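Overview (structure and organization)
In case you want the letters, here they are:
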Amino acid sequence: MNEQCRGIILKQADFKDNDYLLTILTDHFGMIKMIARGAKKATSKNSYACSALILSDISFDLKGKDTLNTLKSISVVKSYKHLKNDLIKIAIAGLMSDIIIELCRDTNGEEIRLFTYYSKCLEILDNDDNNLLVLNLFLTNSLKIMGIDPQVDSCCVCGSKKIKTISLEHGGFVCGKCVVDYKNYDIDLLKRFRLVNKATIDNYKTLITYGPYEFKITEILYDFLSTYGDINLKSWRFLKELMITT
Ligand SMILES: [Zn+2]
């Protein structure tokens, strides 16, 4: 059956000699896999439109969510040109794509909302430079979807409001009485950590004024995702390496 949708290509993989296998997050069908026949040929008019991190209008032959569908036509709506000129932005977008693929494996009913959320994140990454704030807001949204977001209102052990640190083991904020050995974080970092956990990408502009958002916050959020979501991504290690060397 011929279907139309708008989608963001999360991943492009080789498939047979001339074809690509695309993993696409769509606005109507959630995440689907599609074969783009002949797109690998240098002469193919679809070659560019089939690359990762492109927003496109797509028509395809729908065979089912868990089978391979066939791409019929694809036209680029947005190619995020500024984003693609910046290695850190590319690494962040690649990580977000990988996390979405993980989320869609066992999340039902959230995929359409994920499309909207991810489109907004890419749009901001393309147009603005508070890259880590975008990634932090993406990570907190992902943690909420998985139900493993840190508790940031009071100490998760005793309920005290006198917060001393963040504990991965206890699941969020803890006070000085409930932990013996703890990492000392600056009070402003704790405040920003709470803010990104309370906000969504729609609060991006407001949150800028409370920044800058250090990579430490991103690392703590990813620790929650990898520990409680059982996610271990190469794209995270790549971004971490980049952040250390730049
Ligand atoms: Zn406590």
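Thresholds applied
Residues numbered from 1 in each chain as written. Predicted model: local features only at pLDDT ≥ 70, side-chain atom pairs only at ≥ 80, totals over all residues. Heavy atoms only, no water. Helix = DSSP H or I, 4+ residues; strand = E, 2+ residues; numbered from the N terminus. Expected span 1.5 Å × (residues − 1). Contact = heavy atoms within 4.5 Å. Patch = residues over 30% accessible without salt bridge, like charges linked within 9 Å, V, L, I, M, F, W, Y side chains within 5 Å. Areas by Shrake-Rupley, 256 points an atom, 1.4 Å probe, with all protein chains shown as cover. Salt bridge = Lys/Arg side-chain N within 4 Å of Asp/Glu carboxyl O. Domains from an automatic or database assignment. Buried area = accessible area lost by both parts, 1.4 Å probe. Pairing = 2+ DSSP bridges. Axes fitted to C-alpha atoms, helices over the stretch in contact; angles between N-to-C directions. Core = buried A, V, L, I, M, F, W, Y, C linked by side-chain atoms within 4.5 Å. Buried < 20%, exposed > 50% of the residue type's maximum accessible area, 1.4 Å probe, protein only. Donors = N, O, S within 2.8 Å, 3.2 Å for Na, K, Ca; no water. Tetrahedral: all angles 85-135°; square planar, octahedral: opposite > 155°, others 65-115°. Phe/Tyr/Trp six-rings, centres within 6.5 Å; stacked < 30°, edge-to-face > 60°. Parallel < 35°, antiparallel > 145°, perpendicular 65-115°, else oblique. Left-handed = near helix turned anticlockwise from the far one by under 90°. Nonpolar A, V, L, I, M, F, W, Y, C, P; charged D, E, K, R; others polar.

**Details of helix 6 (residues 215-229)**
Over its 15 residues, helix 6 extends 20 Å from the first C-alpha to the last, a length consistent with the 21 Å expected when each residue adds 1.5 Å. Buried residues belonging to helix 6 abut helix 1 (87-106), helix 3 (131-146), strand 6 (163-167), strand 7 (172-175), helix 4 (187-198) and helix 7 (234-245). Positive backbone phi, at 55 degrees, marks aspartate 230, one or two positions downstream of helix 6.

**Quick word on a nonpolar patch on the surface**
On the surface, a cluster of nonpolar side chains totalling about 260 Å² of accessible area is made up of Leu87, Ile90 and Phe238. Following the sequence through the fold, isoleucine 90 ends up in helix 1.

**What about the domain arrangement of the chain?**
Often, the extent of an interface is quoted as the loss of accessible area upon association of its parts. Partitioning the chain into domains gives domain 1 (2-78) and domain 2 (83-245). Here the C-alpha centre of domain 2 lies 29 Å away from the C-alpha centre of domain 1. With 19 residues of domain 1 in contact, the opposing surface of domain 2 contributes 16 residues. Taking both sides of the interface into account, the surface hidden between domain 1 and domain 2 amounts to around 1400 Å²; carbon and sulfur atoms contribute 73%.

**Remarks on the sheet that holds strand 3 (residues 31-36)**
Strand order in the closed barrel formed by five strands is 1-2-3-5-4, with mixed pairing between adjacent strands. Neighbour to neighbour, the strand axes of the sheet diverge by 50 degrees on average, direction disregarded. Relative to strand 5 (residues 69-78), strand 4 (residues 55-61) is paired through seven bridges, and the arrangement is antiparallel. Paired with aspartate 57 across the strands is serine 75, a residue of strand 5. Strand contacts of helix 1: strand 1 (2-15), strand 2 (19-26) and strand 3, with the helix running at about 115 degrees to strand 1, the strand carrying the most contacts.

**Notes on the nonpolar core**
Grouped together as the largest cluster of nonpolar side chains are 67 residues, with contacts concentrated most on Leu25, Met96, Tyr118, Leu122, Leu137 and Ile166. Looking at this core element by element, the count peaks at 11 residues for helix 1.

**Section: helix 3**
Helical geometry note: an α-helix holds 3.6 residues per turn, so side chains three or four residues apart project in the same direction. Between its first and last C-alpha, helix 3 extends 23 Å over 16 residues, near the 22 Å set by a 1.5 Å rise per residue. Once helix 3 ends, the next one or two residues include glycine 147, with phi positive near 75 degrees.

**Points about the coordination of the zinc ion**
Each donor-metal-donor angle in an ideal tetrahedron of four donors is 109.5 degrees, and each such angle in an ideal octahedron of six donors is either 90 or 180 degrees. Only Cys155 (SG), Cys158 (SG), Cys175 (SG) and Cys178 (SG) from the protein reach the zinc ion as donors, at distances of 2.3 Å. Geometry at the zinc ion is tetrahedral, judged from the four donor atoms that bind it and their angles of 104 to 117 degrees at the metal. Each donor residue of the zinc ion belongs to the same chain, with the gaps between them written as C-x2-C-x16-C-x2-C. When its relative accessible area of 46% is taken as the criterion, cysteine 158 is described as partly exposed.

**Examining the pairing of strand 4**
Across the seven residues that make up strand 4, a large majority, five, are buried. As judged from the seven bridges shared by strand 1 and strand 4, these two strands associate in the antiparallel manner. Counted as the bridge partner of glutamine 4 is serine 59 from strand 4.

**What to know about the environment of lysine 72**
Looking at where lysine 72 falls in the secondary structure, it is placed in strand 5. As a C-alpha pair, lysine 72 and asparagine 2 span 70 residues in sequence and 8.5 Å in three-dimensional space. In contact with lysine 72, other than residues within four places in its own chain, are Asn2, Ser59, Phe60 and Asp61.

**Focus: the packing of aromatic side chains**
Enumeration over the complete set of coordinates arrives at six aromatic pairs. When the ring of phenylalanine 224 is compared with that of tyrosine 228, the centres are 6.0 Å apart and the planes differ by 45 degrees; the resulting orientation is tilted. With phenylalanine 224 and tyrosine 228 both in helix 6 and four residues apart, the pair spans about one turn of that helix. Residue classification places phenylalanine 224 among the buried positions, given a relative accessible area of 1%. Each member of the aromatic cluster is reached from another via a ring pair, and the members are Phe215, Tyr222 and Trp236.

**What to know about the packing of helix 3 against helix 6**
Interaxial distance between helix 3 and helix 6 falls to 10 Å at its minimum, and their mutual angle equals 25 degrees. Considered as vectors, helix 3 and helix 6 are oriented roughly parallel to each other. In this structure, helix 3 crosses over helix 6, and the sense of that crossing is left-handed. Here Leu132, Leu135, Asn136, Leu139, Thr140, Ser142, Leu143 and Met146 of helix 3 come into contact with helix 6, specifically with Phe215, Ile217, Thr218, Leu221, Tyr222, Phe224, Leu225 and Gly229. Here the residues of the contact of helix 3 with helix 6 sort into 11 nonpolar, five polar and no charged.

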